[in-house]
Amino acid sequence: MQTGDTKELTISNSSTLPRSRAARTRLIGNVLMIAGLVMLLVIGGWYGYTWYSNEQFLREGASKGLVIEPTVAPASAGGAVATPAPELPPPPPPRLLTGSPAGAGGAVPEIEPSAPTRIEIPSVAIDSEVVTVTWEMIPSKDGVTRPEWQVADYAVGYHNGSAYPGRVGNVVMSGHVDYKGEVFRDLHKVNKGDQVVVYTGRGQYMYVVESMVLVREEGVSDEQRRRNAEYMKPTPDQTLTLITCWPYGIDTHRLIVIAKPYQSSMSAQSEFVIR
C-alpha cells in the first residue's frame, strides 16, 4: 500500500504543476493586457485633451487678436537654399545727455544699457530667469547647414545681439514650452493688453502685449523659415518679441508674442524704474 500510495502521489503532483504554471502564465498575460489597455487610455486621453486645448485656443484666437500666418510655398522647385545666418547687430553704445551739467558743467551719462535678467508676465504666472543665448550652425538632412538659435534650459533665453530693454530695436527672447523648465508653457494664454515686466541689472521695463502670431515651422520651405525669422530682426521702434513652440508636445508651429513699451509715446527712459 505504501508503494502504491507514493506512486499515486507522484502522479498527482506531476499533473498539478503544469496546471499551476499555465495559470501563472495566463495571469501574467492578463496583467500585461490590462496594463497595455490602461496605457492606451492614458495616451489617448492625453492626445484628446491636447487636441481639445489646441482647438479651443485656435477658436478663441480671433477674439484674442491672434494672427495665423499662411504657409508660404517654395519660390522654386530647385535645390535647397542655405538660410543666411541671422543678423547680430552689436548693442547700442551708451549716449551722453547734454541737458543737465554734472558738477563742473560736464555732461551727465545716460543710464548704462543692460541685458535682461528676468521676465515676468503676471496674467499667466510666468516668472523666469533670463540668460543670454546665441545661435549655432546645424547640419540638416539635405546637407545644408542652417543657423539655429539655442534655447535655454530652465530659463528664458535673451538673443545675444538683439536690442537692450529701453533702447530702440527688437528685444528678442525665447523659451521652451514642453521641455526643461517649460518656462513659456502658458505663453499662449496671454491676451492683448497684458503687462510684461523685463528686469535688467539696472532696473525694470514695462511692456504691454500688442499682438500674437502663429507660424508653421516644421515641414515648411526655406522661404517660410526665412519669413518666420523676420520677427527676430531689428525694429525701428522699441519692441519686445517672445517666441516659443506650439502646440504643447507637438511643436509644429512657433507662437510669437509682440509687446510694446507701456508708455511708448514718451521717452525711452519713461518706463524704466530703478530698483
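Here the structure is shown first, and the text comes after it.
Everything in this summary refers to the structure shown in the same document. (Residues numbered from 1 in each chain as written. Predicted model: local features only at pLDDT ≥ 70, side-chain atom pairs only at ≥ 80, totals over all residues. Heavy atoms only, no water.)

**A few points about the overall build of the protein chain**
Counting secondary structure elements, the protein chain contains two helices and 14 strands. Looking at the protein chain residue by residue over its 275 residues, the buried ones come to 34%. Long-range pairs, those at least 24 residues apart, make up 67% of the contacts in the protein chain with a sequence separation of at least 6. Carbon together with sulfur atoms contributes 59% to the accessible area of the protein chain, which is approximately 16,100 Å² in total. (Helix = DSSP H or I, 4+ residues; strand = E, 2+ residues; numbered from the N terminus. Buried < 20%, exposed > 50% of the residue type's maximum accessible area, 1.4 Å probe, protein only. Contact = heavy atoms within 4.5 Å. Areas by Shrake-Rupley, 256 points an atom, 1.4 Å probe, with all protein chains shown as cover.)

**What about the pairing of strand E4 (residues 116-121)?**
The sheet contact formed by E4 and strand E10 (residues 195-200) spans four bridges and is antiparallel. Counterpart to Arg118 in the pairing with E10 is Tyr199. Judged from the four bridges that link them, E4 and strand E5 (residues 126-133) form a sheet pairing that is antiparallel. Residue pairing in the sheet places Glu120 in a bridge with Asp127 of E5. Counted along the chain from E4 to the antiparallel partner E5, the turn is four residues long, and its residue Ala125 has a positive phi close to 55°. (Pairing = 2+ DSSP bridges.)

**So, the nonpolar core**
Formed by 29 residues in total, the largest nonpolar core has its most connected members in Met173, Leu187, Leu240 and Leu242. For this core, the secondary structure elements donating two or more residues are E4, E5, strand E8 (156-159), strand E9 (169-174), E10, strand E11 (203-216), strand E12 (238-246) and strand E13 (253-261). With five residues, E11 is the single largest residue contributor to this core. Look past the residues within four positions of Leu240 in its chain and what remains in contact with it is Asn170, Val171, Met173, Val196, Val198, Tyr207, Val257, Ile258 and Ala259. Within the second largest apolar cluster, seven residues are counted, among which are Val213, Val215, Tyr231 and Ile258. (Core = buried A, V, L, I, M, F, W, Y, C linked by side-chain atoms within 4.5 Å.)

**Concerning the packing of aromatic side chains**
With the rule as written, the count across this model stands at one aromatic pair. Taking the centre distance of 6.4 Å and the plane angle of 20° together, the rings of Tyr158 and Tyr164 count as stacked. A relative accessible area of 2% places Tyr158 in the buried class. The lysine or arginine in question, Arg118, covers the ring of Tyr199, its NZ or CZ lying 4.2 Å from the ring centre. (Phe/Tyr/Trp six-rings, centres within 6.5 Å; stacked < 30°, edge-to-face > 60°. Lys NZ or Arg CZ within 6 Å of the ring centre and 35° of its normal.)

**Points about the environment of Gly161**
Residue placement: Gly161 occurs in the loop between E8 and E9. By relative accessible area, which is 10% here, Gly161 ends up buried. Sequence separation between Gly161 and Ala115 is 46 residues, and the spatial gap between their C-alpha atoms is 9.9 Å.

**Things to note about the side chain of Ser211**
Its place among the elements puts Ser211 in strand E11. Judged by its relative accessible area of 19%, Ser211 is buried. Residues within four places of Ser211 in sequence aside, it is in contact with Ile256, Val257 and Ile258.

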